[in-house]
Amino acid sequence: MGRKPPPRPAFSPLNPAMLNDQEEQAMSDIRRILDRRAAIREQIDVLNQELDLINDQLRESYDYGSHKEGDYVVSIQRNPRFNTAAFTKSFPVERYPQYYKPAVDTAALKDYFAPVDLKKWQIEGAKKVVVS
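Please read all numbers here as calculations on a predicted model, not as lab measurements.

Enquirer: What is the right way to look at the overall build of the protein in this model?
Expert: When helices and strands are counted, the protein shows four helices and two strands. Counting from the amino terminus, helix and strand elements in the protein follow one another as α-β-β-α-α-α. A fraction of 7% describes how many contacts in the protein between residues 6 or more apart in sequence connect residues 24 or more apart. On the protein, roughly 13,200 Å² of surface is accessible, and the fraction owed to carbon and sulfur atoms is 56%.

Now the structure itself:
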């Protein structure tokens, strides 16, 4: 049996000379993916801004209802939202507890439980991707 090569030092992004060709290619691929991701995010932001401007124009141009425009039907619909603050002012929880339900105040739990204890009730969601 031959001698094993000495173990390679752990990868350090500060020392690219420690990369072999395969690792260098993988890092290059990751950089390319990150560049593409950044470009897509930028395009999405620009397109969302444009879409908001178009929707604003449509809201100004049409009243509520459906409107035929060539191959399109533009529908302007009401968007009611419950005004919790106004309701709470009219029906305070002290006098009308039947209209309310208790909920866990997860922020307050941090005052009463150690982080290690709170982990018992945590579940793992999908991996979160943050690129800065």
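Enquirer: Is there a simple way to explain the pattern of salt bridges in this structure?
Expert: Side chains bearing opposite charge may pair, as long as their charged atoms lie close to each other. Tallied over the full model, the rule gives three salt bridges. Arg41 is paired through a salt bridge with Asp45; the nearest N and O atoms lie 3.5 Å apart. Taken together, the positions of Arg41 and Asp45, both in helix H1 (residues 21-61) and four residues apart, correspond to about one turn of that helix. Residue classification places Arg41 among the partly exposed positions, given a relative accessible area of 42%. Overall, the relative accessible area of 38% leaves Asp45 in the partly exposed class.

Enquirer: It is not clear to me how the packing of aromatic side chains should be interpreted in this structure. Could you clarify?
Expert: Aromatic ring pairs are defined here through the distance separating the ring centres and the angle between the ring planes. All chains considered together, the criterion is met by eight aromatic pairs. Taking NZ or CZ as reference, Arg78 lies 3.8 Å from the ring centre of Tyr64, over its face.

Enquirer: Honestly, the pairing of strand S2 (residues 72-76) in this entry has me stumped. Any pointers?
Expert: A regular strand places its side chains on the two faces of the sheet in alternate fashion. Relative to S2, strand S1 (residues 65-69) runs antiparallel, the two sharing five bridges. By the bridge assignment, Ser66 is partnered in S2 with Ser75. As consecutive antiparallel partners, S1 and S2 are separated by two residues, and within that stretch Gly70 has a phi angle of approximately 60°, a positive value.

Enquirer: Can you help me understand the environment of Ser132 in this one?
Expert: Secondary-structure assignment places Ser132 in the segment after helix H4 (115-118). Expressed as a C-alpha distance, the spacing of Ser132 and Ala38, which sit 94 residues apart in the sequence, is 9.4 Å.

Enquirer: Help me understand a nonpolar patch on the surface in this model?
Expert: A surface patch of nonpolar side chains, about 440 Å² in accessible area, is lined by Ile30, Ile33, Leu34, Val129 and Val131. Structurally, the position occupied by Leu34 is in helix H1.

Definitions and limits used
- Note that residues are indexed from 1 along each chain, following the sequence as it is written.
- Local features in this predicted model are restricted to residues whose pLDDT is 70 or higher, and side-chain atom pairs enter the listing and the counts only when it is 80 or higher, whereas totals over whole chains, interfaces and linings include all residues.
- Hydrogens are left out, water is left out, and the side-chain values use all remaining heavy atoms of the structure.
- Counting from the N terminus, the helices are the DSSP runs of H or I reaching at least four residues and the strands are the DSSP runs of E reaching at least two.
- Should any heavy atoms of two residues lie within 4.5 Å, those residues are considered in contact.
- To measure how exposed things are, a 1.4 Å probe is used in the Shrake-Rupley method; for residues, cover is taken only from the protein chains shown.
- Salt bridge, as applied in this entry: a Lys or Arg side-chain nitrogen positioned within 4 Å of an Asp or Glu carboxyl oxygen.
- Burial classes: relative accessible area under 20% of the type maximum marks a residue as buried, over 50% as exposed, and values in between as partly exposed (1.4 Å probe, protein chains only).
- Working definition: rings of Phe, Tyr and Trp (its six-membered ring) pair if their centres are within 6.5 Å, and the pair is stacked with planes under 30 degrees apart, edge-to-face with planes over 60 apart, and tilted otherwise.
- Counted as over-ring charges are cases with an Arg CZ or a Lys NZ within 6 Å of the ring centre that also lie within 35 degrees of the ring normal.
- DSSP calls a pair of strands paired once it identifies at least 2 bridges connecting them.
- Patches here: salt-bridge-free residues with over 30% relative accessible area, like charges joined within 9 Å, nonpolar side chains (Val, Leu, Ile, Met, Phe, Trp, Tyr) joined within 5 Å.

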